[in-house]
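Now for the letters of each chain:
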Amino acid sequence: MHPLIQQLLAQGPVITDGAWGTELQARGLSLGEFPDAWNLTHPERVAEVARAYVEAGSQIILTNTFGANRIRLGDHAAAGNVPEINRRGVEISRAAAAGRARVFASIGPTGKLLMSGDVTRDALRDAFAEQASALAEAGADGLVVETMSDLDEAVLAIEAARQTGLPVVACMVFDSGKDKDRTMMGTTPEQAAKTLTQAGAEVIGANCGQGIAGFVALARRLRAATGCPLWLKPNAGLPIMVDGRAQYNAAPEEFAGYVPQLVELGAAFVGGCCGTRPDFVTAIRRQLNR
Amino acid sequence: MPDLKELYDAVVRGDAKTTQAITQQALAEGIDPLKLVNECMIPAMDEVGRRFECNEYFVPELLISARAMKGALELVRPILTARGDEPLGRVAIGTVKGDLHDIGKNLVASLLEGGGFEVIDLGVNVPPEKFIATITEKQANIVAMSALLTTTMPAMKTIIEGLKQAGVRDKVKVLIGGAPITQQYADEIGADGYSENAVGAVALAKKALAAG
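The shown structure was predicted, so the numbers you read here are calculated from the model rather than taken from an experiment. (Residues numbered from 1 in each chain as written. Chains lettered and ligands numbered in written order. Predicted model: local features only at pLDDT ≥ 70, side-chain atom pairs only at ≥ 80, totals over all residues.)

(A) How the structure looks around the overall build of chain A. For chain A, the count of helices and strands is 13 helices and 10 strands. Compactness check: chain A gives a C-alpha radius of gyration of 17 Å against a globular reference of 19 Å for 290 residues, within 12% of the reference. Seen through its C-alpha atoms, chain A measures out along the principal axes to roughly 45 × 45 × 40 Å. Within chain A, the proportion of its 290 residues that are buried is 58%. A sequence separation of at least 24 residues applies to 77% of the contacts in chain A between residues at least 6 apart. (Helix = DSSP H or I, 4+ residues; strand = E, 2+ residues; numbered from the N terminus. Rg over C-alpha atoms; globule rule 2.2 N^0.38 Å. Buried ≥ 20, exposed ≤ 12 C-beta atoms within 10 Å, placed from the backbone. Contact = placed C-beta atoms within 7 Å.)

Take a look at the structure:
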């Protein structure tokens, strides 16, 4: 196991952060705007989100770099700045953490499907390598390959991330099938756990896709299929639209109420995805008596 | 006479080579192309959809069956067009402005094609004017919009408003889909229909046109 992961786990379950996108919207990110570009245009507001999580008690915060890969950006004006957006993302989170939290940089999917021929394996490999090396050079403590639906793409991202020598977390979205226990591509938790572990991720898990209640079964199945520590970041329930904006209905206390059960099942890193906020992190911290 | 059950099975298992080979053979022997489509391929895609609904099939299986279907349609369509057979409907499909996600949109587009529709794919980040222009220039009678993000879905409402202002709202059926979309949202913005998944979109498009 990577020494940093060992060190983090020595003190018990690690509290990660909550959502960034919804927090940036609350600070004026407009509909359809590319959030990661704010690292260059509105760094002070991105820093506010990062600081809010550190102050709430996150031991690991992520970065505003989820979509900052060349393929996702495509023809977008920001595409020329891919390395810069990633570097600034890490710098902003590091400055906010100020030694109180570790910075694990976010690497999201490209949004193109390998099997439909929209993108090649080489293009994916290059895009992830470019992003991972920019994140590592800027001083990230670890890399998080997250919100993946396609196992092949996840493996390519893990391989690129591992080249940096940083510890790599990899997690998938289980949002399909009648029990919401498959990824969009039909992958089961068992298949995911096995493949992500084989690909060399230090920590594996699940994020997004559904509320925390559904993560109990996911955690149990992931746990049974891998020896790696588990990383879990559920949504704050499912969104409901109010006046054209998404609202998530789970209350922080209700969400945090599930955390002891997840820890019992072997969750080593716990936080939240879409709709969770700094007060969710505070509620998790209270539940864990920190 | 080629075995049409075999053609059906080939589409269901996503065997593009066999699908195309049998189609070619059937056409060479003078079988009515419309019969091939309506009695064999569309029922096969319905079966693929059924398997998806009961979680036997997932996105990869949908994709390979749709691809097999597409290969066969490329052989059939020129014949249908030459003799003046109209498609079931013309769909202008796109991911709304501000949104670059196209996995779901592409899947719906290929399933609609497989279901007998002509599909005009406008791509991603599609501004309202482009949807409107397609309705008038290409006589589309269905507008299908996709959004993956809660932040971009309000663009659907803007497009519907735009259709009204351009005076073409009653010329088309507006169908919407995407992870954050709900029936309630469709009702709220005055869309004609919503499908929870790509498979349902085909039945929805047929139903919307039948409703007149």
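The rest of the description comes next.
(B) Layout of helix α7 (residues 154-165) of chain B. Residue and element names in this part refer to chain B. In this model α7 runs 17 Å from its N-terminal to its C-terminal C-alpha over 12 residues, within 8% of the 16 Å that 1.5 Å per residue would give. Of all the residues in α7, the buried ones are P154, A155, M156, I159, I160 and L163. The inward-facing, buried residues of α7 contact α6 (128-138), β3 (142-146), β4 (173-177) and α8 (183-189). Looking one or two places after α7, you find G167, whose phi comes out positive at around 75°. (Expected span 1.5 Å × (residues − 1).)

(C) Quick look at the confidence of the model for chain B. This prediction gives chain B a mean pLDDT of 92; 100% of its residues lie at or above 70. Scoring the predicted complex yields pTM 0.89 and, for the interface, ipTM 0.80. (pLDDT = per-residue confidence, 0-100.)

(D) Main features of the domain arrangement of chain B. All names here are of chain B. Along its sequence, chain B is carved into domain 1 (4-82) and domain 2 (90-210). If you look at the interface, domain 1 gives 13 residues, while domain 2 gives 9 residues. Listed by contribution, the elements that provide at least two residues to the side of domain 1 that touches domain 2 are α3 (33-53) and α4 (59-82). Tallied by class, residues from the side of domain 1 that touches domain 2 come to 10 nonpolar, 1 polar and 2 charged. (Domains from an automatic or database assignment. Nonpolar A, V, L, I, M, F, W, Y, C, P; charged D, E, K, R; others polar.)

(E) Looking closely at the sheet that holds β3(B). Residue and element names in this part refer to chain B. The sheet built from 5 strands is open, its strands ordered β2-β1-β3-β4-β5 with parallel pairing. If you trace the sheet from one side to the other, it starts and ends with β2 (118-121) and β5 (193-194), each paired once. Across the sheet, helix α9 (residues 198-210) lies against β1 (90-95), β3, β4 and β5, angled at about 160° from β4, the strand it touches most. (Pairing = 2+ DSSP bridges. Axes fitted to C-alpha atoms, helices over the stretch in contact; angles between N-to-C directions.)

(F) Highlighting the pairing of strand β4 (residues 142-148) of chain A. All names here are of chain A. Taken across its 7 residues, β4 has 7 buried, putting it largely inside the fold. Sheet topology note: the strand β3 (residues 102-107)/β4 ladder contains 4 bridges and is parallel. Bridging from a neighbouring strand, A105 pairs with L143 of β4. The parallel pair β3 and β4 is bridged by helix α7 (residues 121-137), and the resulting crossover is right-handed. Here β4 runs beside strand β5 (residues 168-172); their pairing, made up of 4 bridges, is parallel. Across the sheet, V145 pairs through a bridge with A170, a residue of β5. (Right-handed = clockwise from strand over helix to strand, strands pointing away.)

(G) View of the packing of helix α4 (residues 43-56) of chain A against helix α6 (residues 82-97) of chain A. All names here are of chain A. Packing of α4 against α6 leaves a shortest axis separation of 8 Å and a crossing angle of 45°. Relative to α6, the element α4 lies oblique. Considering only the axes of α4 and α6, their crossing is right-handed. Seen from α4, the contacting residues are P43, V46, A47, A50, R51 and V54; seen from α6, they are R88, I92, S93, A95, A96 and A97. When the residues that make up the contact of α4 with α6 are grouped by side-chain class, the tally is 9 nonpolar, 1 polar and 2 charged. (Parallel < 35°, antiparallel > 145°, perpendicular 65-115°, else oblique. Left-handed = near helix turned anticlockwise from the far one by under 90°.)

(H) Representation of the environment of I61(A). All names here are of chain A. With respect to the helices, strands and loops of the structure, I61 is situated in strand β2 (residues 60-61). On the basis of neighbour counts, which here come to 29 C-beta atoms within 10 Å, the residue I61 falls in the buried class. C-alpha of I61 to C-alpha of T16: the two residues are 45 residues apart in sequence and 5.9 Å apart in space. Ignoring sequence-local partners within four residues, the contact set of I61 consists of D17, A50, Y53, V54, S93, A96, A97, A101 and V103.

(I) Representation of the sheet that holds β4(A) in the model. All names here are of chain A. The 8 strands lie next to each other as β1-β10-β7-β6-β5-β4-β3-β2, forming an open sheet whose pairing is parallel. Of all strands in the sheet, those with a lone pairing partner are β1 (14-15) and β2, marking the two edges. Bridge count between β5 and strand β6 (residues 203-211): 4 bridges; the pairing is parallel. What sits directly across from V169, in β6, is V203.

(J) Broad picture of the interface of chain B and chain A. The interface is formed by 19 residues belonging to chain B together with 20 residues belonging to chain A. Of all elements in the fold, only α4, α5 (103-114) and α7 of chain B reach the threshold of two or more residues within the side of chain B that touches chain A. At 3 residues, α4(B) tops the list of elements feeding residues into the side of chain B that touches chain A.

(K) The arrangement of unusual backbone geometry in detail. Residue and element names in this part refer to chain A. Unlike most non-glycine residues, T147 shows phi in positive territory, near 60°. Following the sequence through the fold, T147 ends up in strand β4. Of the residues examined, T147 has 22 C-beta atoms within 10 Å and is grouped as buried. Despite not being glycine, N289 shows a phi value in the positive range, around 55°. Along the polypeptide, N289 turns up in the segment after α13 (278-287). C-beta crowding within 10 Å serves as the criterion here: with 6 such atoms nearby, N289 is assigned to the exposed category.

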